Amino acid sequence: MTMKIMVAIKRVVDYAVKIRVNPDKTGVVTQNVKMSMNPFCEIALEEALRIRESGSASEVVAVTIGPSHSVDTLRTGLAMGADRGIHVDYSASLYPLSVAKILTKLVQIENPGLLILGKQAIDDDCNQTGQMIAGLLNWPQGTFASKVVLDKEKQVATVDREVADGIETVCLNLPAVITTDLRLNQPRYATLPNIMKAKSKPIKKFTPEELNVEIKSDLEIVQVTEPPKRKAGVVVSSVDELIDKLKHEANVI
Amino acid sequence: MPKHNTRATLAFLLRSLHRPTLLPSATPSSRFTLHDKCNDVVRPDYHQVPSFFNPLGNFAQTTKWGVGIQQKCYGSMAGLVQRNPRFSKLNDDDVRYFEGILGAKNVVQDEDKLVAANIDWMHKYKGSSRLLLQPKTTEQVSQILKYCDSRSLAVVPQGGNTGLVGGSVPVFDEVIVSLSSMNKIISFDKVSGILVCEAGCILENIISFLDNEGFIMPLDLGAKGSCQIGGNVSTNAGGLRLVRYGSLHGNVLGVEAVLANGTVLDMLKTLRKDNTGYDLKHLFIGSEGSLGIVTKVSILTPPKLSSVNVAFLACKDYSSCQKLLQEAKRKLGEILSAFEFLDGQSMNLVLNHLEGARNPLPTLHDYYVLIETTGSDESSDKQKLEAFLLGSMENELISDGVLAQDINQASSFWHLREGISEALMRAGAVYKYDLSIPVEQMYNLVEEMRSRLGNTANVIGYGHLGDSNLHLNISTPQYDDKILSQIEPFVYEWTSKHRGSISAEHGVGLMKANEIFYSKSGETVQLMASIKNLLDPNHILNPYKVLPRSLIS
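Quick caveat: nothing in here was measured; it's all calculated off a predicted structure.

**Student:** Would you mind going over the overall build of chain B with me for this structure?
**Tutor:** Summing up its helical and strand segments, chain B has 19 helices and 16 strands in all. Within chain B, the proportion of its 553 residues that are buried is 56%. The contacts in chain B between residues at least 6 apart in sequence include a share of 74% that link residues at least 24 apart. Only carbon and sulfur atoms are counted for the fraction: they give 52% of the accessible area of chain B, which is about 22,400 Å².

This is how it looks when you write it as structure tokens:
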């Protein structure tokens, strides 16, 4: 069975960078700030690579949508071990539904047996794209995956999901959409031999127009502000003073 | 395979220690009884305190890490250090006087707080001071010293107490003057990058402050979470970025220090260039608190550049590491900001003892190199670094390597290198040496020491290869004078023969005061003694340390 796995990855502000709101309050500062692959996307790619290495798949294709710099992130994916890359070139803002539509078109072109994404991107924290694609394609979905077991013969994926009450196990008939959570795996590093190999791996380019997708949103971002600074705590000298403060300052009793 | 078995055993023991109920542990009181033997006379005394290799013994729990730490009282190999009778003993009038200047809250006689201030980070040196002072202003420091000078009370200036040569803790009952309460940042000039702050500022806090402004500190070291800038300046700390930004002698623009008689020397300039007379601030940079107490510092900070890349590489032999350094200086040139090396034994130690340590490479190697580049253009820096690394791989200088793809991965590589000290502490007893040796011969010392000690000890070598600075560490289950006699004075003689320094960056402190002649001539040391007599005629500042005890009594 030669199954293909498609992994969607996103270039975001590096997780360790201190985020600052830009002066006109329309978003965060991304100029001169370190950008890297979204950590959940790294986990998604790692899972795809492990499935390929176990023999259940033959090819891993990494996809990214974004400006020309996104190719760097794609190269990182190739250096981790993806076989080839697809770059959909688009420089303005993206929205989960538009991304889902683009990926749907690519799925129809590539016909993968499995589509793996990170559960959310750390810049918008939407947690929508995976679910929307599953809806558009009418595919089963296993989101917040903390464990994935593939049965090649039966073409079934058993996914442990991290939900509020604990772990829920679902069985999905392939083809399916899986979104990954933090505890699924620990992504590998990009070794020098693999970085060297990645230079010759092919990256195919598309534009949203070629895929017949219009990128628009029904939502408008009105303002972006920082949360209020946390005030220092106060040491109270007696229980009476505590009750007084709770009553009159915090207004909670 | 034997390697895996040892690792599994150690991993089991590590897990057991994190759940202390699995092993019998000492009650808190035994922590104090272990030190009964150490009072006025510091002897080369040691205790058979078990570690990983002997878990069924009694061992003390410290609050710092919750694991068994070697408790030991250790004196100079040369013999006993006697308390100098010229120093007075503290009395109640003295305490009252200090309370008058500082307020009762800042005069500490509390047992528990004193215990922490009396022991150094390595738990190798323990004093018996009964008084800890926490001044808040330079004026208070001046009054304290003036009084102590008049009363002949010995004083130990103390910052973050992270020193590794016993320079930051009392030897006997010296009064501890802690700079921790003087932790304000006084000013910062965003155009020039010149920072003025008090000596008690913790390095990591300064780094965070500067990060907000778009600047970095020119020095960085593993102890940054605790060490204070006053201490860094007083010991001329080196660190991980010296290869790029140079030493503190170049970056410190001004110092405010208080002399032993209370005189405040205001040399706190914020000028890049000032050739007016003798540049005395340099006397206080690196004199380890023996000439004066540093109270304020003005330092030139470099701008924070946006593109930082870290690579973790493996080399098959030491000469490849050297050639790699030469190539890196040439090919990476102005963007090279750190070049560190560690040997296979250091890596094994870290993987076995440090929490969250993960080998970035799929297999183990004999030598590892960590290279960091810092520049202003992400894509061109990455290209440069990648081209250099791939070229080195083709030339077989590197056998394998990994390039960090995000800040988290970069931090995890640094964690491996910066965590070696901590891993050593957890592994048992450690004899630590910090030597400057010409690069070509550096690793020969490690190999000779290894053959000298055989399997009585684990000898590891790592350090700032870019600065020719070797950190030679000998890890043993417990402190053992037989092993020590095999190490010293051999290591000092070897270093001296190769015209190296017996202390590249750690300083001399108590540990190497008598060994200073291995690296400095008699005439030089004599002049140092004269300067000491001039600035501190009553010898109250950090006695018994820095200069040979025979010269200063």
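**Student:** What's the story with the overall build of chain A in this structure? I'm lost.
**Tutor:** What chain A contains, in helices and strands, is 6 helices and 12 strands. The C-alpha extent of chain A, read off along each of the three principal axes, is 75 × 40 × 40 Å. Taken over 253 residues, chain A has a buried fraction of 45%. Counting only contacts in chain A whose residues sit at least 6 apart along the sequence, the fraction spanning at least 24 positions is 70%. With an accessible surface of roughly 13,700 Å², chain A has 51% of that area assigned to carbon and sulfur atoms. If you average the places of the 31 positive and of the 31 negative side-chain charges in chain A, the two averages end up 5 Å apart.

**Student:** Explain the UniProt feature "domain: Electron transfer flavoprotein alpha/beta-subunit N-terminal" (unreviewed entry) in chain A to me, please; I cannot follow it from the model alone.
**Tutor:** When the UniProt feature table is mapped onto this chain numbering, "domain: Electron transfer flavoprotein alpha/beta-subunit N-terminal" (unreviewed entry) sits at residues 25–215 of chain A. Segment residues 25–215 of chain A splits into 30% helix and 31% strand. End C-alpha atoms: 23 Å apart.

**Student:** What is the right way to look at the interface of chain A and chain B in this model?
**Tutor:** It is common to give the size of an interface as the accessible area lost on bringing the parts into contact. Contacts between the two partners involve 22 residues from chain A, matched on the other side by 26 residues from chain B. Around 2,200 Å² of area is buried between chain A and chain B when both sides are counted, 55% of it from carbon and sulfur atoms. Three residues stand out in chain A for area buried against chain B, namely Lys34, Tyr189 and Leu192 of chain A, and they jointly supply 37% of the buried area on that side. The interface formed by chain A and chain B contains 2 salt bridges. Glu378 of chain B serves as the salt-bridge partner of Lys34 of chain A, at 3.7 Å between the closest nitrogen and oxygen. Inspection of the region where chain A meets chain B yields 8 residue pairs in polar contact (both at pLDDT 80 or more). The set of elements that each furnish at least two residues to the side of chain A that touches chain B consists of β11 (190–191) and α5 (192–198) of chain A.

**Student:** I'm lost on the sheet that holds strand β15 (residues 458–464) of chain B in this one. Help?
**Tutor:** Within a sheet, adjacent strands bond to each other through the backbone by hydrogen bonds, running parallel or antiparallel. Spatially, 8 strands are ordered β11(A)-β13(B)-β10(B)-β12(B)-β11(B)-β15(B)-β16(B)-β14(B) in an open sheet, and the strand pairing comes out antiparallel. Two strands lie at the open edges of the sheet, namely β11 of chain A together with β14 (429–436) of chain B, each paired on one side alone. Direction of pairing for β15 of chain B relative to strand β16 (residues 469–476) of chain B: antiparallel, over a ladder of 7 bridges. Within β16 of chain B, the residue paired with Asn458 of chain B across the bridge is Ser475 of chain B. Of the strands in this sheet, β10 (307–315), β11 (336–343), β12 (367–375) and β15 of chain B are in contact with helix α12 (residues 344–353) of chain B, which crosses β15 of chain B at around 100°. Lying on the sheet, helix α14 (residues 407–418) of chain B is in contact with β10, β11, β12, β13 (400–403), β15 and β16 of chain B; it crosses β10 of chain B at an angle near 50°.

**Student:** Mind showing me how you'd approach α12 of chain B here?
**Tutor:** Each α-helix winds once per 3.6 residues, and so residues spaced three or four apart point in a common direction. Burial within α12 of chain B is extensive, with 8 of its 10 residues counted as buried. Within α12 of chain B, burial applies to Gly344, Ser346, Met347, Leu349, Val350, Leu351, Asn352 and His353 of chain B.

**Student:** I would appreciate a short explanation of a nonpolar patch on the surface in the present structure.
**Tutor:** Residue and element names in this part refer to chain A. Taken together, the side chains of Val239, Leu242, Ile243, Leu246, Val252 and Ile253 define a hydrophobic patch exposed on the protein surface, amounting to about 530 Å² of accessible area. Tracing the sequence through the fold places Leu246 in helix α6 (residues 239–248). Relative accessible area serves as the criterion here: at 30%, Leu246 is assigned to the partly exposed category.

**Student:** Looking at this structure, how should I read the nonpolar core?
**Tutor:** Across soluble globular proteins, you tend to see nonpolar side chains buried next to one another. Core analysis: the biggest nonpolar cluster contains 149 residues, and Leu114 of chain A together with Phe98, Ile229, Tyr433, Leu472 and Ile474 of chain B have the highest contact counts within it. At 7 residues, the largest contribution of residues to this core is made by helix α1 (residues 39–53) of chain A. Setting aside residues up to four positions removed in sequence, Phe98 of chain B forms contacts with Gly103, Val107, Leu131, Leu133, Ile144, Tyr147, Cys148 and Leu153 of chain B. By size, the runner-up hydrophobic cluster in this structure holds 33 residues, among which are Trp121, Leu349, Leu361 and Leu416 of chain B.

**Student:** Hey, could you run me through the sheet that holds strand β4 (residues 59–66) of chain A in this one?
**Tutor:** Residue and element names in this part refer to chain A. What the 9 strands build is an open sheet, ordered β9-β8-β7-β10-β6-β1-β4-β5-β12; its pairing is mixed. Two strands lie at the open edges of the sheet, namely β9 (166–173) and β12 (203–206), each paired on one side alone. Taking the axes of each pair of neighbouring strands and ignoring which way they run, one obtains an average angle of 30° across the sheet. Pairing of strand β1 (residues 4–8) with strand β6 (residues 114–118) involves 4 bridges; the strand directions are parallel. In the sheet register, Met6 faces β6, and the bridge partner there is Leu115. Helix α3 (residues 96–110) rests against β1, β4, β5 (84–89), β6 and β12 of the sheet, and its axis sits at about 150° to β4.

**Student:** Sorry if this is basic, but what is going on with the pattern of salt bridges here?
**Tutor:** It is possible for side chains of opposite charge to pair when their charged atoms get near one another. The tally for this structure, following the rule as stated, stands at 35 salt bridges over all chains. Between Asp181 of chain A and Lys119 of chain A there is a salt bridge, and its shortest N-O distance comes to 3.1 Å. Residue Asp181 of chain A is found in the loop between β10 (176–180) and β11, and its partner Lys119 of chain A is found in the loop between β6 and α4 (129–137); the two are separated by 62 residues along the sequence. As far as burial versus exposure is concerned, Asp181 of chain A and Lys119 of chain A are alike and both buried. With its nearest N and O atoms 3.9 Å apart, the salt bridge here joins Lys229 of chain A to Glu226 of chain A. Classification of Lys229 of chain A as exposed rests on a relative accessible area of 71%. In this structure, a network of salt bridges that share partners links the residues Asp220, Lys224, Arg241, Glu372 and Glu418 of chain B.

**Student:** Please clarify how the confidence of the model for chain B should be interpreted in this entry.
**Tutor:** Residue and element names in this part refer to chain B. Averaged over every residue, the pLDDT of chain B is 85; residues scoring 70 or more account for 86%. Counting interchain partners and residues more than four positions distant, the pLDDT-below-50 stretch residues 16–79 has 131 contacts. In the model output, the complex is listed with pTM 0.81 alongside ipTM 0.84.

**Student:** I'm lost on the packing of helix α3 (residues 92–102) of chain B against helix α5 (residues 138–151) of chain B in this one. Help?
**Tutor:** A pair of packed helices can be characterised by two numbers: the angle between their axes and the separation between those axes. Residues and elements named next belong to chain B. For the pair α3 and α5, the least separation of the axes is 10 Å and the interaxial angle reads 160°. Taken together, the axes of α3 and α5 lie roughly antiparallel to each other. Once α3 is placed against α5, the crossing between them reads as right-handed. Contacts from Asp93, Asp94, Tyr97, Phe98, Ile101 and Leu102 in α3 reach Gln140, Gln143, Ile144, Tyr147, Cys148 and Arg151 in α5. Each residue belonging to the contact of α3 with α5 can be placed in one class, and the counts come to 7 nonpolar, 2 polar and 3 charged.

**Student:** Whenever I open this one, the packing of aromatic side chains confuses me. Can you help?
**Tutor:** Centre-to-centre distance and the angle between the planes together describe a pair of aromatic rings. Within the structure shown, the criterion is met by 18 aromatic pairs over all chains. Measuring from centroid to centroid gives 6.2 Å for Tyr97 of chain B and Phe98 of chain B, while their planes differ by 70°, and the two rings are edge-to-face. With relative accessibility at 37%, the residue Tyr97 of chain B sits in the partly exposed group. Ring plane angle 80° and centroid distance 6.2 Å describe the contact between Phe341 of chain B and Tyr443 of chain B, whose orientation is recorded as edge-to-face. Of this pair, Phe341 of chain B sits in strand β11 while Tyr443 of chain B is found in helix α16 (residues 442–453), placing the two residues 102 residues apart along the sequence. Exposure remark for Phe341 of chain B: the relative accessible area of 0% places this residue in the buried category. In this structure Tyr443 of chain B comes out as buried when scored by relative accessible area, which is 2%. Aromatic ring contacts, followed pair by pair, group Tyr189 of chain A together with Phe312, Tyr368 and Phe413 of chain B into a single cluster. The ring of Phe490 of chain B has Arg452 of chain B lying over it, and the distance from NZ or CZ to the ring centre is 4.0 Å.

Cut-off values and rules
- Residues numbered from 1 in each chain as written.
- Chains lettered and ligands numbered in written order.
- Predicted model: local features only at pLDDT ≥ 70, side-chain atom pairs only at ≥ 80, totals over all residues.
- Heavy atoms only, no water.
- Helix = DSSP H or I, 4+ residues; strand = E, 2+ residues; numbered from the N terminus.
- Buried < 20%, exposed > 50% of the residue type's maximum accessible area, 1.4 Å probe, protein only.
- Contact = heavy atoms within 4.5 Å.
- Areas by Shrake-Rupley, 256 points an atom, 1.4 Å probe, with all protein chains shown as cover.
- Lys, Arg positive; Asp, Glu negative; His and termini not counted.
- Charge placed at Lys NZ, Arg CZ, Asp CG, Glu CD.
- UniProt positions renumbered as here; feature names shortened; annotations may be inferred.
- Buried area = accessible area lost by both parts, 1.4 Å probe.
- Salt bridge = Lys/Arg side-chain N within 4 Å of Asp/Glu carboxyl O.
- Polar contact = N/O pair within 3.5 Å; in protein donor to acceptor, adjacent residues only side chain to side chain.
- Pairing = 2+ DSSP bridges.
- Axes fitted to C-alpha atoms, helices over the stretch in contact; angles between N-to-C directions.
- Patch = residues over 30% accessible without salt bridge, like charges linked within 9 Å, V, L, I, M, F, W, Y side chains within 5 Å.
- Core = buried A, V, L, I, M, F, W, Y, C linked by side-chain atoms within 4.5 Å.
- pLDDT = per-residue confidence, 0-100.
- Parallel < 35°, antiparallel > 145°, perpendicular 65-115°, else oblique.
- Left-handed = near helix turned anticlockwise from the far one by under 90°.
- Nonpolar A, V, L, I, M, F, W, Y, C, P; charged D, E, K, R; others polar.
- Phe/Tyr/Trp six-rings, centres within 6.5 Å; stacked < 30°, edge-to-face > 60°.
- Lys NZ or Arg CZ within 6 Å of the ring centre and 35° of its normal.

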